[in-house]
Amino acid sequence: MTSEKEKKRALRIYEILREKYGEQKPALNFSNPFELLIATILSAQCTDARVNVVTEKLFKKYKNPKDFLKTETEELEKDIFSTGFYRQKAKSIKACCEILAKEYDGKVPSNFEELTKLPGVGRKTASVVAGNAFGIPAVAVDTHVRRLSNLLGLADTKNPDKIEAALKELLPERTWIEISHLLASHGRAVCKARKPDCFNCVIYDYCPGKKLK
DNA sequence: CTCCCGATAT
DNA sequence: ATATCAGGAG
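Residues numbered from 1 in each chain as written. Chains lettered and ligands numbered in written order. Predicted model: local features only at pLDDT ≥ 70, side-chain atom pairs only at ≥ 80, totals over all residues. Heavy atoms only, no water.

Points about the protein's contact with DNA strand C
Then comes step 1: Taken together, the neighbourhood of DNA strand C is formed by 17 residues, with Gln45, Gly120, Thr125, Thr143 and His144 sitting nearest.
Then comes step 2: Per the 4 Å cut-off to the protein, sugar and phosphate atoms form 58% of the nearby atoms of DNA strand C.
Then comes step 3: A distance of 3.1 Å separates a phosphate oxygen of DNA strand C from a polar side-chain atom of Lys124.
Then comes step 4: For DNA strand C, a phosphate oxygen lies 2.8 Å from a polar atom in the side chain of His144. (Near = heavy atom within 4 Å. Polar contact = N/O pair within 3.5 Å; in protein donor to acceptor, adjacent residues only side chain to side chain.)

Written out as structure tokens, the structure reads:
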């Protein structure tokens, strides 16, 4: 139940953000699909800035799934400690690498469904990898996208899967990968969770959830 | 719904 | 000192 008017409005929001923030690339540093996969797993409940600090050293030490498999879990836990949830993440990465090595010849699968089956990889992580490593249209719903989508009236639910569906319905496929980045960028820079800077918001006029006058 | 956990803003 | 931030699995 998506009217043309709503689609128009959503596209307008996209265009304004696109104008302000320009070409978007992931805030996570990576140089190949495997690195993006690992970085995105680490980014769960952790800022991208922190993940980048950790991966700078991490990717010098671990180049491929086998490198991770050669290492004791305890050592890996130390290497990723500051990203939080380090036991879970170390376990996920190990299990992930096991599968990549055995079933995918050490490569990262390039389709969404296969990605989702990997340990520690949910729809958000799978969308990030599919979109940014392989150019497959996908909408990654992280906490920023969730918050801004609701604030902007692009979605009315806390359920990430439904937000993803709503954004895909509202916006043309060519904008899918970018809209996640744009909403996240705007969420980090201006429409911050703790203290939204509505004064400096370029989409203020489109925002029913504005906090300041 | 609960557990997993450190970093940072206030 | 503590509230808030940031996803996935069971």
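Let's pick the thread back up.
Comments concerning the protein's contact with DNA strand B
Then comes step 1: The full set of residues close to DNA strand B is Arg50, Phe81, Ser82, Gly84, Phe85, Tyr86, Arg87, Gln88, Arg194 and Lys195.
Then comes step 2: In this structure, a phosphate oxygen belonging to DNA strand B sits 3.3 Å away from a side-chain N or O atom of Arg50.
Then comes step 3: At 3.3 Å from a sugar or linking oxygen of DNA strand B is found a main-chain nitrogen or oxygen belonging to Phe85.
Then comes step 4: Per element, the largest residue contribution to the surface near DNA strand B is three residues, and it comes from helix α6 (residues 86–103). (Helix = DSSP H or I, 4+ residues; strand = E, 2+ residues; numbered from the N terminus.)

Some details on the side chain of Ser149
Then comes step 1: Summarising the element assignment, Ser149 is placed in helix α9 (residues 143–151).
Then comes step 2: Ser149 gets classed as buried once you look at its relative accessible area, which sits at 0%.
Then comes step 3: In this view, Ser149 contacts Leu154, Ala155, Ile163, Leu167 and Leu183; residues no more than four positions away in its chain are not counted. (Buried < 20%, exposed > 50% of the residue type's maximum accessible area, 1.4 Å probe, protein only. Contact = heavy atoms within 4.5 Å.)

Thoughts on the environment of Val139
Then comes step 1: Along the chain, Val139 falls in the loop between α8 (123–134) and α9.
Then comes step 2: Here the alpha-carbon distance between Val139 and Leu17, two residues 122 residues apart in the chain, equals 16 Å.
Then comes step 3: Not counting residues within four places of it along the chain, the set of residues in contact with Val139 comprises Ser127, Glu164, Leu167, Lys168, Trp176, Ile179 and Ser180.

Side note on the side chain of Thr83
Then comes step 1: Mapped onto the elements, Thr83 comes out in the loop between α5 (73–80) and α6.
Then comes step 2: Judged by relative accessible area, Thr83 falls into the buried class, the value being 3%.
Then comes step 3: Among the polar contacts made by the side chain of Thr83, one reaches the main-chain carbonyl oxygen of Ile80 at a distance of 2.8 Å.

Points about the pattern of salt bridges
Then comes step 1: Tallied over the full model, the rule gives 13 salt bridges.
Then comes step 2: Between Arg18 and Glu178 there is a salt bridge whose closest N-O contact spans 3.0 Å. Taken together, the residues Arg18 in helix α1 (residues 4–21) and Glu178 in helix α11 (residues 176–189) connect sequence positions 160 residues apart.
Then comes step 3: For Glu178, a relative accessible area of 13% puts it in the buried group.
Then comes step 4: Between Lys61 and Glu75 there is a salt bridge, with the nearest N and O atoms lying 2.6 Å from each other. Highlighted residues: Lys61 in helix α3 (residues 48–61) and Glu75 in helix α5, separated in sequence by 14 residues.
Then comes step 5: Using a relative accessible area of 36% as the deciding quantity, one classes Glu75 as partly exposed.
Then comes step 6: Linked through salt bridges whose partners overlap, the residues forming this network are Arg18, Glu23 and Glu178. (Salt bridge = Lys/Arg side-chain N within 4 Å of Asp/Glu carboxyl O.)

Remarks on the state of the cysteines
Then comes step 1: On inspection of all chains with the given rule, the structure shows zero disulfides.
Then comes step 2: This cysteine, Cys198, is not joined by any disulfide, and Cys191 carries the nearest cysteine sulfur, 6.3 Å off.
Then comes step 3: Relative accessible area serves as the criterion here: at 11%, Cys198 is assigned to the buried category.
Then comes step 4: The thiol of Cys207 is unpaired, and the distance to the nearest cysteine sulfur, on Cys191, comes to 6.2 Å. (Disulfide = S-S within 2.5 Å.)

Some words on empty space enclosed by the protein
Then comes step 1: Overall, the coordinates contain one cavity of 30 Å³ or more when judged by the stated rule.
Then comes step 2: By volume, the largest cavity amounts to about 110 Å³.
Then comes step 3: Along the wall of the largest cavity there are 16 residues; nearest its centre are Leu151, Cys191, Cys198, Cys201 and Cys207. (1 Å grid on protein atoms, 1.4 Å probe; cavity = no way out; pocket = protein on both sides within 12 Å on 5 of 7 lines; lining within 4 Å. Points joined across faces, edges and corners; volume = space filled by probe spheres on them.)

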